[in-house]
Amino acid sequence: MDKVNCYHCGDDCGKKPIEFDGKSFCCNGCKTVYDIFSTNDLSYYYDLQSSAGATPTVVEGKYDFLQEASIIAKLLEFNEDKLQIVNLYIPHIHCSSCIWILENLNKLNTSISSSQVDFPKKTVRIVYNPKLINLKDLVVLLARIGYEPYISLDDYDKGQPPVNRGLIYKLGIAGFAFGNVMFLSFPEYFEVDEFWLDQYKGVFRWLMFTFSLPVVFYAGQDYFISAFKGLRSKILNIDVPIAMGILVLFVRSTLEIIFDWGTGFFDSLTGLIFFLLLGKFFQQKTYSFLSFERDYKSYFPIAVTRITDRNKEETVQVYDVKQGDRLLIRNGELIPVDGILINGRAQIDYSFVTGESEAVFKESGDKIYAGGKQLEDAIEMDVLKSVSQSYLTQLWSNTVFSKDKASKFQTLTDSIGKRFTWAVLTIAFVATAYWLYFDSSKAMNVFTAVLIIACPCAIALAAPFTLGNMLRIFGRKKFYLKDTKTIEQLAKIDTAIFDKTGTITTTQKSSATYEGMRLSFEEESLLKNTLRASNHPLSRTLYDLLASHNIVPLDEYQEHLGLGLEGKKDNDHIRIGSADFVGNSIDNDPQNTSVHISSNNTYKGKFVFHNHYRKGVSNVFKEMNNTLDLAILSGDNEGEKTRLEKILPKLTPMYFKQKPEDKLNFINSLQEQDKKVMMVGDGLNDAGALAQSNVGIAISENVNVFSPACDGILDASKFDQLYTYIIASKKAMKIIRLSFLLSFLYNVIGLYFAVTGQLEPVIAAILMPLSSISVVGFTTLATNILGKKLK
């Protein structure tokens, strides 16, 4: 049967192309997109799919088990009356057309709010209204349009998706073939003159050809697919020269053995693909180890407050939380695990999970889900299951919260890959033209040899190995970054902005003195319980300093960002915050950091704080001042200005009484001047500024700072090492550049032999794998040495 290419994407349709409208398509996705664009109406497509014979049939009753509440509970990530979220594994996701149709399911059925595809994992995360479409009907809809989900309850019980072993199979085949081809090539390498070997030389060569077939057309197919799609999109990605090198190696080698010109380059060919796949396998394993997926060894600095059996509050790391624990969730804090609401009124913002900003109200006994943010008074919850870091970090990377800066940043690998392709083609054509003039018999040899030896396989490995290893090293040093792109962004920083309270000051050693009228027992109790619900550093410090009181649920609680708190119990009302907020226009002392108190609209007094700065603050700023522009943005008054001037480098800009929106606008104004800004602050109160900055770092000190706004979380005990981590990021970029240089060095040596017409199979066989091994070894060794220098 002749090869049939897809009418829409150009891919090979395989043995069973999908015929529609007189055209052939490789998958339902391509057929769907063509159909939609030809009619400009998705509903028309859905009506068409509903007709007899137009779509894959669904066996009646096949998905009836999806009506069982116990099974649905296992499959759902999130479950509310009008909103459910399910993550389904779709084996048939094939190309960009598949992604397009699966991410436009809401146009096929308006009951679906949104859908997001994870192409590498072949999963789709669907948000839908269960009042209008149930899980069974949703799965049937997917099956009818050709994307039947694979649902295994065993996999869901284990919390693991189905394993794709395709890369392992490809690696095994390539390794087996490479080893055998190398053995068969030895007599040719050393020109052994022996009758038996000479007699069967042709057999050996055709055996090498046979071994190369599954390597090229199975193990190496992903490079051809990627290169083709890149070219179709008018993008010269790094797979283009790799695919060209593989193709030329195969064609040239095949022609050599057909016409008995030589032994070919099958050893180089199989070795190249084997080492490329080995690098990809190592990369995946590295990312699995480094990544967020169920890796409790990596540092994930989210602290939560656990209530003990003796009703005492203690701060623990999130991965120490177990089923049956009771947690305290304050205003603005993220709910880290699924659980049952025990005490308090829950007004939960699930936009982190669903993208929907409408708050959900919950009463005692209701189930609440990980990823929600409490908006009102403090609540207490019982934990139903232990923490899934993979789930929290999946939320962190949700496209709802993706920053434009990440998509605009062009990685070093892609940019060099484009230039590499043009350079290789230029050298190949120039050298060929030269030899056509001086010795035409060498022209074709030179042209193919240049493409054979000048393969950027080492370039493809340099960045992921370096950045992946640095991500792991930073995690061990209690500096937890969102992804490898954050390291690249961090290396470009030229401006560092710091919040003051809770960032460069520590809440662990702070003290406060009270000035004003004595508070009654009832007022002190109301003050303590109102502070209990707040996550602001000053609130936490004051809460710890005050005497213990019985925990009393408030009737009303409100937190006014940048101003203060309000609490009400029975007929008593208290305000805590700035002087203006509590109604004190007379005693507004700008020289000290103070928290003012009013009870039942009567001003009572203030707590004056004596800040303690973090260890090494002065040294951090002194080091940064040499290479970075610095500034302090604080919501407090100027009380600490004199002391800060002694700690900070001279002429460091300091801005006080900054509201959250002021901080965001300040950073935006710097970025308009082409500044690359790092913001270091409180993960919750500085969320806007963290989101606006090029790199947002939240400081963790017994606080739940997990927020979609930040790119990294730094343990407070490592604050004095922040500049060291920035320098390490810059050095990681240098390691990548040196790796590129090493790769180019190998290419120059190889190109010398290629351009002069001296390239022999043994040279290519040695240079190609050696370049990949050397670069991987160099990046791993260099980053490990760099990591040992970090504290």
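Our structure is the block above this text.
Residues numbered from 1 in each chain as written. Predicted model: local features only at pLDDT ≥ 70, side-chain atom pairs only at ≥ 80, totals over all residues. Heavy atoms only, no water.

Q: Would you mind showing me how to read the overall build of the protein here?
A: Secondary structure summary: the protein contains 29 helices and 28 strands in total. Split into buried and exposed, the 791 residues of the protein put 54% on the buried side. Excluding contacts between residues fewer than 6 apart, the proportion of contacts in the protein whose partners are at least 24 apart in sequence is 67%. Put simply, the protein shows about 36,200 Å² of open surface, and 54% of that area lies on carbon and sulfur atoms. (Helix = DSSP H or I, 4+ residues; strand = E, 2+ residues; numbered from the N terminus. Buried < 20%, exposed > 50% of the residue type's maximum accessible area, 1.4 Å probe, protein only. Contact = heavy atoms within 4.5 Å. Areas by Shrake-Rupley, 256 points an atom, 1.4 Å probe, with all protein chains shown as cover.)

Q: I'm lost on the environment of Pro 91 in this one. Help?
A: Structurally, Pro 91 is set in the loop between strand E4 (83-89) and helix H4 (96-102). Note on Pro 91: relative accessible area 34%, which makes it partly exposed. Separated by 30 residues in the primary sequence, Pro 91 and Lys 121 have C-alpha atoms spaced 9.1 Å apart. Residues within four places of Pro 91 in sequence aside, it is in contact with Lys 122, Glu 148 and Tyr 150.

Q: Would you explain the sheet that holds strand E12 (residues 360-362) in this entry?
A: Across a sheet, strands are paired by hydrogen bonds formed along the backbone, either parallel or antiparallel in direction. Pairing in this open sheet of three strands is antiparallel, and the strands run E12-E11-E14 from one edge to the other. Two strands lie at the open edges of the sheet, namely E12 and strand E14 (373-374), each paired on one side alone. (Pairing = 2+ DSSP bridges.)

Q: What should I look at first to understand the nonpolar core in this one?
A: The biggest cluster of nonpolar side chains holds 95 residues, and the ones touching the most others in it are Phe 474, Phe 498, Ile 504, Met 624 and Met 678. Of all the elements, helix H28 (residues 722-755) adds the most residues to this core, at 12 residues. Three or more residues apiece are contributed to this core by two domains, here domain 3 (164-282) and domain 5 (478-505 + 614-730). Those residues in contact with Phe 498 that lie beyond four places of it in its chain are Thr 503, Ile 504, Phe 621, Met 624, Leu 630, Ala 631, Ile 632, Leu 633, Val 680, Phe 719 and Leu 722. Counting 30 residues, the second-largest nonpolar core is a separate cluster that includes Leu 76, Ile 101, Ile 112 and Leu 141. (Core = buried A, V, L, I, M, F, W, Y, C linked by side-chain atoms within 4.5 Å. Domains from an automatic or database assignment.)

Q: Sorry, what's going on with a nonpolar patch on the surface here?
A: Side chains of Trp 206, Leu 247, Val 251, Leu 255, Ile 258, Phe 259 and Trp 261 sit close together on the surface and give an oily, nonpolar patch of about 720 Å² of accessible area. Examining the composition of the nonpolar patch, we find that four residues originate from one element, helix H12 (residues 239-258), more than from any other. Examined against the element boundaries, Leu 255 turns out to sit in helix H12. Accessibility expressed as a relative area gives 34% for Leu 255, which makes it partly exposed. (Patch = residues over 30% accessible without salt bridge, like charges linked within 9 Å, V, L, I, M, F, W, Y side chains within 5 Å. Salt bridge = Lys/Arg side-chain N within 4 Å of Asp/Glu carboxyl O.)

Q: So what exactly am I meant to see when it comes to unusual backbone geometry here?
A: For Asn 601, which is not glycine, the phi torsion reads 65 degrees and is therefore positive. Of the residues examined, Asn 601 reaches a relative accessible area of 71% and is grouped as exposed. Of note in the backbone geometry, Lys 657 takes a positive phi value of approximately 55 degrees without being a glycine. Looking at where Lys 657 falls in the secondary structure, it is placed in the loop between strand E25 (654-655) and helix H26 (660-671).

Q: Is there a simple way to think about the pairing of strand E28 (residues 712-715) in this case?
A: Both faces of the sheet carry side chains from a regular strand, because those side chains alternate between them. Of the two faces of E28, both are covered, the one formed by Gly 712 and Leu 714 as well as the one formed by Ile 713 and Asp 715. Where strand E16 (residues 479-481) meets E28, three bridges bridge the pair, whose relative direction is antiparallel. Each residue of the ladder has a partner; that of Phe 479, found in E28, is Leu 714.

Q: Any chance you could explain the sheet that holds strand E6 (residues 123-128) here in plain terms?
A: The strand order across the open sheet formed by four strands is E3-E4-E6-E5, and the pairing between neighbours is antiparallel. The strands lining the two open edges of the sheet, one partner per strand, are strand E3 (76-80) and strand E5 (112-118). Recorded for the sheet is a direction-independent mean angle of 15 degrees between the axes of neighbouring strands. Looking at chain direction, E5 and E6 are connected through six bridges and run antiparallel. The partner of Ser 115 across the bridge, within E6, is Ile 126. (Axes fitted to C-alpha atoms, helices over the stretch in contact; angles between N-to-C directions.)

Q: Which parts of the structure should I look at to understand H28?
A: Since the α-helix packs 3.6 residues into each turn, any two residues three or four apart lie on the same face. Counted at 1.5 Å a residue, the expected span for H28 with its 34 residues is 50 Å, and the 49 Å between its end C-alpha atoms agrees. Gly 757 lies just past H28 and shows a positive phi near 75 degrees. (Expected span 1.5 Å × (residues − 1).)

Q: Is there a simple way to explain helix H20 (residues 484-491) in this structure?
A: H20 sits mainly inside the fold: seven of its eight residues count as buried. What H20 keeps buried is the set Thr 484, Thr 486, Ile 487, Glu 488, Gln 489, Leu 490 and Ala 491.

Q: Looking at this structure, I do not really get the packing of aromatic side chains. What am I missing?
A: A full pass over the atoms with the stated rule returns 20 aromatic pairs. Taking 5.9 Å as the distance between ring centres and 20 degrees as the angle between the ring planes, the aromatic pair formed by Phe 209 and Phe 250 counts as stacked. Of the two residues, Phe 209 sits in helix H10 (residues 201-219) while Phe 250 sits in helix H12, which places them 41 residues apart along the sequence. Among the residues examined, Phe 209 registers a relative accessible area of 16% and is labelled buried. Taking the relative accessible area as the measure of exposure, Phe 250 reaches 10% and is therefore buried. Judged by centre distance (5.6 Å) and plane angle (70 degrees), the rings of Phe 474 and Tyr 725 are edge-to-face. (Phe/Tyr/Trp six-rings, centres within 6.5 Å; stacked < 30°, edge-to-face > 60°.)

Q: How do you make sense of the environment of Leu 630 when you look at a structure like this?
A: Looking at where Leu 630 falls in the secondary structure, it is placed in strand E24 (residues 629-633). Relative accessible area serves as the criterion here: at 7%, Leu 630 is assigned to the buried category. Residues Leu 630 and Ile 497, spaced 133 residues apart in sequence, show a C-alpha to C-alpha distance of 5.9 Å. Ignoring anything within four residues of it in the chain, the contact list for Leu 630 reads Ala 496, Phe 498, Phe 621, Met 624, Asn 625, Pro 649, Thr 652 and Pro 653.

As far as function goes, none of this settles anything; it's purely spatial.
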